[in-house]
Amino acid sequence: MRKPMGRCSVEVPTGDPGLPILRTGKPAPIRKSRSSRWRAGVLLGVHLLIALHVTHYLLTRRTLSPVEPSEAMYTLELGYVNAGALFFGLALLLTLIFGRFFCGWGCHVVALQDLCGWAMKRLGVRPRPFRSRLLAFAPMVVALYMFAWPTASRWIRGTPPFPGFSNHLLTSDLWATFPGPVFGVLTFAVCGFAAVYFLGAKGFCTYGCPYGAMFGALDRLSPGKIVVSDACEQCGHCTATCTSNVRVHEEVRLFGSVVDPGCMKCMDCVSVCPKNALSFSFARPSLLRGKPAEPRARRYDLSLGEELFVAAVAAASTLVFRDLYDGPPLLMSVGLAGITAFLALKLVHLVRRPAVRAQNLELKNGGRLRRPGWVFAALTVLWLLFTSHSAFAQWHRAWGRHYLDLTEASREDVLSGRFRGKTFSSAHARAAAEAFHHFSLADRWGLRGVVDVKLGLAWCRLLQNDFAGAEAAAEQALALAPEAPELRQNLLDIRQAEAAAQPAQETTADASFARGTQLAEQGRFEEAARELAAAVEHAPDSLVARFNLGGVLRRLGRNDAAIEQLEIAGRLAPADADVRVELGLAYLAAGERQKALAALKEAIALAPDSPEAQMHLPGLIQELEEK
């Protein structure tokens, strides 16, 4: 028996999840969308603006801060008022008026997904949407973590809910908050190609994008809608064309407009309607609409057990992939989690169902696994084994950090050696042992080194008075991120702690250097100069000893002696920008302006990306040139 659809000449079998069918005649072909070309042009313009932004930074080394919604996290957490936060706020405000249009017309990830979907169709692959009820809540959970948790955590701790705000509209380090080039490319590959293939045309938007979740929530309050006229014949062309997996024909039949928050106002449905029955207009917001006269048919692709399984796998996988080996950023982790959940479910289907497909591949038929099914199953098992191994490494990494936080010795006490004379509780000893145990397992079984694991091991070694082990672990951490100045300072602190632990009467270069730097940090420059001079006497080729001695002598006003030490340090390390900076300041203090100018320019040439080269030195150089 057939159930009438309520509009002219259309009917659909009861319980049929597909499109409506015409009673008579051959179905008309779906015409091409005219709006898709306009949208492609707009998205191309967005990418040209991005290219201009990057070009301006490369030419001037100072530009507008990243225009990315994710930058709003730093506004809420650290108080940085940046371009990304202002842009995101404006986009949310416009969404409240016009509906969820930004995703379709301004998002570079949507553009990437559309490009991947178009390429797949050219290759004969038509990605089918993966429909999960529980997994669809993932974007909102991520959005709450990114944009609500910083404020909520302050409230829980009893601190002011909002930090002190500061101006960060311009930046001298455009890449500071972005992943490196490798993980940048991988993020686009996961959120673009892989998500489209496994999860559908807008797979990442549906199951991963936190910004889309917020736009979708505001879309329910927005009057901007795709509306229908009486000319609609329920041909289904709109639904067949929609790349956002919205059942347009059903929405307009039940509500008179599209109320699904997944609608990105791409206007493809409007463009292909053979009766021009669809248009963009203002109507009653979705949240204010009552229930339709005809209840919406409930069509679920997954059972409740499968939904719970998919949600559990996705949640666990997000925690596993987040910052795995100091790599995947949050959005890449969420994308990988959704794909992992899809693969795990398909593997279960291969075991339990007689027929299984994955997009255009027939994996199993008639209870018999076909060749693509064997390949798919083998690759999925390998991926799940990798995920499980990564979970093991991340588990011990997390527990190592947890127990390290429970140790009772402060950094100052450990580096100064005072902790050896203090008494700690038994909980401290247990926490130190557990931290070392977990960090050791994470380091031994991990596929590559991790900076915070190496640092955790270094700290545990210091608590055991194992300076050699601590120094080795700190050196390994520095090798993983040689551009991080805090790791270089950490290694120096450990070496100084080792030298300071030697008997006071010992006059080796390392011991003298350690005592000299500690005295300098305390502002006792006369005593520091004597110790550092002893270090230079014992180790004439020590760059750090001569560099620090030169800095202390400059601060004492002994500019000629400072210049002598720093010139020798410059010959020992011709490519060290820090030496050039200190030498330039010594020349300047001695009144040798041209030599100071030359040294400071050399420092910028040696390290153009350093904070000194970008913020401090240019103004000083300009001042010297104007004199």
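Above: the structure in question.
This report concerns the structure included in the present document.

Thresholds applied
- Residues numbered from 1 in each chain as written.
- Predicted model: local features only at pLDDT ≥ 70, side-chain atom pairs only at ≥ 80, totals over all residues.
- Heavy atoms only, no water.
- Phe/Tyr/Trp six-rings, centres within 6.5 Å; stacked < 30°, edge-to-face > 60°.
- Helix = DSSP H or I, 4+ residues; strand = E, 2+ residues; numbered from the N terminus.
- Buried < 20%, exposed > 50% of the residue type's maximum accessible area, 1.4 Å probe, protein only.
- Contact = heavy atoms within 4.5 Å.
- Expected span 1.5 Å × (residues − 1).
- Pairing = 2+ DSSP bridges.
- Axes fitted to C-alpha atoms, helices over the stretch in contact; angles between N-to-C directions.
- Parallel < 35°, antiparallel > 145°, perpendicular 65-115°, else oblique.
- Left-handed = near helix turned anticlockwise from the far one by under 90°.
- Nonpolar A, V, L, I, M, F, W, Y, C, P; charged D, E, K, R; others polar.
- Salt bridge = Lys/Arg side-chain N within 4 Å of Asp/Glu carboxyl O.

**Topic: the packing of aromatic side chains**
Two aromatic rings, taken as a pair, are described by how far apart their centres are and by the angle between their planes.
Link 1 in the chain: Considering all chains together, one arrives at 19 aromatic pairs under this definition.
Link 2 in the chain: Ring plane angle 65 degrees and centroid distance 5.4 Å describe the contact between F87 and F102, whose orientation is recorded as edge-to-face. Of this pair, F87 sits in helix α3 (residues 83-98) while F102 is found in helix α4 (residues 102-106), placing the two residues 15 residues apart along the sequence.
Link 3 in the chain: The class of F87 is partly exposed, set by a relative accessible area of 27%.
Link 4 in the chain: Summarising the aromatic geometry, the rings of F88 and F147 are spaced 5.4 Å apart at their centres and angled 40 degrees between planes, so their arrangement reads as tilted. Here the residue F88 occupies a position in helix α3, and F147 occupies one in helix α6 (residues 138-157), the gap between them amounting to 59 residues.
Link 5 in the chain: In this structure F88 comes out as buried when scored by relative accessible area, which is 4%.
Link 6 in the chain: For F147, a relative accessible area of 12% translates into the label buried.

**Quick look at the side chain of H438**
Link 1 in the chain: Topologically, H438 is positioned in helix α17 (residues 426-445).
Link 2 in the chain: With relative accessibility at 10%, the residue H438 sits in the buried group.
Link 3 in the chain: Here H438 is in contact with H396, W399, G400 and Y403, once residues within four sequence places are set aside.

**A short note on the environment of D173**
Link 1 in the chain: As for its position among the elements, D173 is in the loop between β7 (170-171) and α7 (181-199).
Link 2 in the chain: Judged by relative accessible area, which is 41%, D173 ranks as partly exposed.
Link 3 in the chain: For the pair D173 and P66, spaced 107 residues apart in the sequence, the C-alpha separation amounts to 9.7 Å.

**Here we look at helix α20 (residues 485-500)**
Link 1 in the chain: The end-to-end C-alpha distance of α20 is 22 Å, a good match for the 22 Å that 16 residues give at a rise of 1.5 Å each.
Link 2 in the chain: By the burial criterion, the buried members of α20 are L487, N490, L491, D493, I494, Q496, A497 and A499.
Link 3 in the chain: Those residues of α20 that are buried are in contact with α16 (411-416), α18 (451-463), α19 (467-480) and α21 (509-521).

**Some thoughts on the sheet that holds strand β11 (residues 361-365)**
Link 1 in the chain: Taken together, the three strands give an open sheet; going across it, the order is β10-β11-β12, and neighbouring strands pair in antiparallel fashion. Whereas interior strands pair on both sides, the edge strands pair on one side only; in this sheet they are β10 (356-358) and β12 (368-369).
Link 2 in the chain: Bridging between β10 and β11 involves three bridges; their strand directions are antiparallel. From the neighbouring strand, V356 faces β11, where its bridge partner is K364.
Link 3 in the chain: Its contacts with the sheet put helix α14 (residues 330-352) on β10, β11 and β12, and the angle it makes with β10 is roughly 155 degrees.
Link 4 in the chain: Set on the sheet, helix α15 (residues 371-406) makes contact with β10, β11 and β12; between it and β11 the angle comes to about 100 degrees.

**Some remarks on the packing of α14 against α15**
Link 1 in the chain: For the pair α14 and α15, the least separation of the axes is 10 Å and the interaxial angle reads 130 degrees. Overall, the two elements α14 and α15 adopt an arrangement that is oblique. The hand of the α14/α15 crossing is left-handed. For the pair α14 and α15, the contacting residues are L336, T340, L343, A344, K346, L347 and L350 in the first and G373, F376, A377, T380, V381, W383, L384 and T387 in the second.
Link 2 in the chain: A class-by-class count of the residues in the contact of α14 with α15 yields 10 nonpolar, four polar and one charged.

**So, the pattern of salt bridges**
Link 1 in the chain: Per the stated rule, a full pass over the model turns up 25 salt bridges.
Link 2 in the chain: Across the salt bridge formed by R397 and D326, the nearest N and O atoms sit 3.3 Å from each other. Taken together, the residues span a long stretch of sequence, with R397 in helix α15 and D326 in the loop between α13 (304-321) and α14 at a distance of 71 residues.
Link 3 in the chain: Put simply, E527 and R524 hold a salt bridge, and the shortest N to O gap is 2.8 Å.
Link 4 in the chain: Among the residues examined, E527 registers a relative accessible area of 30% and is labelled partly exposed.
Link 5 in the chain: Its relative accessible area of 37% is what places R524 among the partly exposed residues.
Link 6 in the chain: Taken together, the shared-partner salt bridges in this structure form one network comprising D323, D326, R397, R401 and D452.

None of the figures reported here should be taken as evidence of function without further support.
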